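As a plain string of letters, each chain reads:
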Amino acid sequence: MSQTPFKDLRFGIGSWNMGEMPARAKEEQRAFEFALDLGIRLIDTAEMYGDGGSEQVIGAALAASSVKREELVLVSKVLPSNASKRGTLLACEASLRRLGVDYLDVYLLHWPGRHPLAETLEAFITLREKGFIRAWGISNFDLEGLGRWQKAESAAGVADACATNQIYYALSARNSEFDLLPTMKAQSMPLMAYSPLGSGQLMRDAKLRSIAEKHGLSPAQMAIAWTMRDPNVISIPKSVRPDRIEENFKASQITLSAQANADLDAAFPPPSRKMPLAML
Ligand SMILES: NC(=O)c1ccc[n+]([C@@H]2O[C@H](COP(=O)([O-])OP(=O)(O)OC[C@H]3O[C@@H](n4cnc5c(N)ncnc54)[C@H](OP(=O)(O)O)[C@@H]3O)[C@@H](O)[C@H]2O)c1
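Rules used throughout
Residues numbered from 1 in each chain as written. Predicted model: local features only at pLDDT ≥ 70, side-chain atom pairs only at ≥ 80, totals over all residues. Heavy atoms only, no water. Near = heavy atom within 4 Å. Polar contact = N/O pair within 3.5 Å; in protein donor to acceptor, adjacent residues only side chain to side chain. Areas by Shrake-Rupley, 256 points an atom, 1.4 Å probe, with all protein chains shown as cover. Helix = DSSP H or I, 4+ residues; strand = E, 2+ residues; numbered from the N terminus. Nonpolar A, V, L, I, M, F, W, Y, C, P; charged D, E, K, R; others polar. Salt bridge = Lys/Arg side-chain N within 4 Å of Asp/Glu carboxyl O. Buried < 20%, exposed > 50% of the residue type's maximum accessible area, 1.4 Å probe, protein only. Core = buried A, V, L, I, M, F, W, Y, C linked by side-chain atoms within 4.5 Å. Contact = heavy atoms within 4.5 Å. Expected span 1.5 Å × (residues − 1). Pairing = 2+ DSSP bridges.

1. Considering the site of the ligand
Okay, so step 1: Near the ligand you find 27 residues, and of these D44, S195, L197, S199 and S239 are the closest.
Okay, so step 2: Side-chain polar atom of Q166 to a nitrogen atom of the ligand: 2.9 Å apart, as the coordinates give it.
Okay, so step 3: Backbone polar atom of P196 to an oxygen atom of the ligand: 3.3 Å apart, as the coordinates give it.
Okay, so step 4: Across the complex, the protein chains shield 89% of the 900 Å² of accessible surface that the ligand would expose by itself.
Okay, so step 5: Broken down by element, the shell around the ligand gets its largest block of residues, 3 residues, from helix α9 (residues 242-251).
Okay, so step 6: Each residue belonging to the shell around the ligand can be placed in one class, and the counts come to 10 nonpolar, 12 polar and 5 charged.

Written out as structure tokens, the structure reads:
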């Protein structure tokens, strides 16, 4: 993965449902500062989160931190409704302003929408030429959608430039293992696993809790380490609580035993046929 804009990072922190309430902004900023102090260098955000508020909170944390910009991998996303050529250019510049940085490492189309992919791609190419983004990618694209995106890239003369497809991938959402994940793996395209804790719901799953207890891990650590058992997967759990951020970060160092993986496979079986892409 060393050729990718992810710089070999396989663990990051998410930021959905953040930047929504001014009263919580300081706590959220401190959470990102804590994550940076801990050594987390990959941050995932989007113009959609808190209507820009999430990017602002992250920007405040970056401004207060001594971590150098070049050590970080910042990922943001354009909303499909903004993904015309002009709309994408404007959205990216607004994200950069809120984050207080000169460039994004990876800029994603949040999900497929009404604007032609070729138009969004044209904007991504312009943004890369201007130095506003280092790379682009997509999110919530199923196998067929990935094919359409890659066809647009070939037509634009930028084949194989897509840095990632960020999708819901968790013990509770293994659909992509049937075809999408193996295809991306064969192309050495990292998969960004969003909601690795099922947006928190997995934490209440009795099967996961009992398997985690058997193997001496917390349910969150088990769920995160499981997503990372495949070296092609990057996991981006979100938390505003320092104790959980540390717990989650530690999970990125854990290799599950064959028995733990077998127990999880039995409780959360992989798909045996093609299924629609899971989305949150
Ligand atoms: N591309 C997309 O369409 C898309 C969609 C969804 C998400 N995402 C990205 O992926 C990131 C992660 O997904 P997510 O936020 O949906 O969910 P998640 O990371 O699966 O789970 C987050 C939830 O779990 C709780 N939590 C975190 N660590 C925990 C721990 N150690 N023990 C118990 N509970 C814990 C958090 O609460 P506290 O914060 O209170 O700790 C929060 O409620 C997002 O933040 C976003 O950046 C992208």
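Having seen the structure, we can now continue with the description.
2. Considerations on the pattern of salt bridges
Okay, so step 1: Evaluation of the coordinates by the stated rule reveals 14 salt bridges.
Okay, so step 2: D263 is the partner of K214 in a salt bridge, and the nearest nitrogen-oxygen pair spans 2.7 Å. Residue K214 is found in helix α7 (residues 206-214), and its partner D263 is found in helix α10 (residues 258-267); the two are separated by 49 residues along the sequence.
Okay, so step 3: Note on K214: relative accessible area 55%, which makes it exposed.
Okay, so step 4: With a relative accessible area of 15%, D263 lands in the buried category.
Okay, so step 5: Here the salt bridges do not stand alone but share partners, grouping R174, E177, R229 and D265 into one network.

3. A word on the nonpolar core
Okay, so step 1: Ranked by size, the top nonpolar core spans 91 residues in total, and within it F6, Y107, F124, W149, L208, M222 and L264 carry the most contacts.
Okay, so step 2: In contact with L264, other than residues within four places in its own chain, are L171, R174, L208, I211, M222, W226 and L256.

4. Some words on helix α4 (residues 117-130)
Okay, so step 1: Here α4 is 14 residues long and its end C-alpha atoms lie 20 Å apart, about the 20 Å a rise of 1.5 Å per residue gives.
Okay, so step 2: Against β2 (73-78), α3 (85-99), β3 (104-109), β4 (133-139) and α5 (143-155) lie the buried residues of α4.
Okay, so step 3: Once α4 finishes, G131 follows within two positions and takes phi at roughly 85°, a positive value.

5. Quick notes on the pairing of strand β5 (residues 165-168)
Okay, so step 1: Judged by which residues are buried, β5 turns out to be covered on both faces: N165 and I167 on one side and Q166 and Y168 on the other are all buried.
Okay, so step 2: Across 2 bridges, the pairing between β4 and β5 is parallel. In the strand pairing of β5, I138 is matched with N165.
Okay, so step 3: Direction of pairing for β5 relative to strand β6 (residues 191-194): parallel, over a ladder of 4 bridges. What sits directly across from N165, in β6, is L191.

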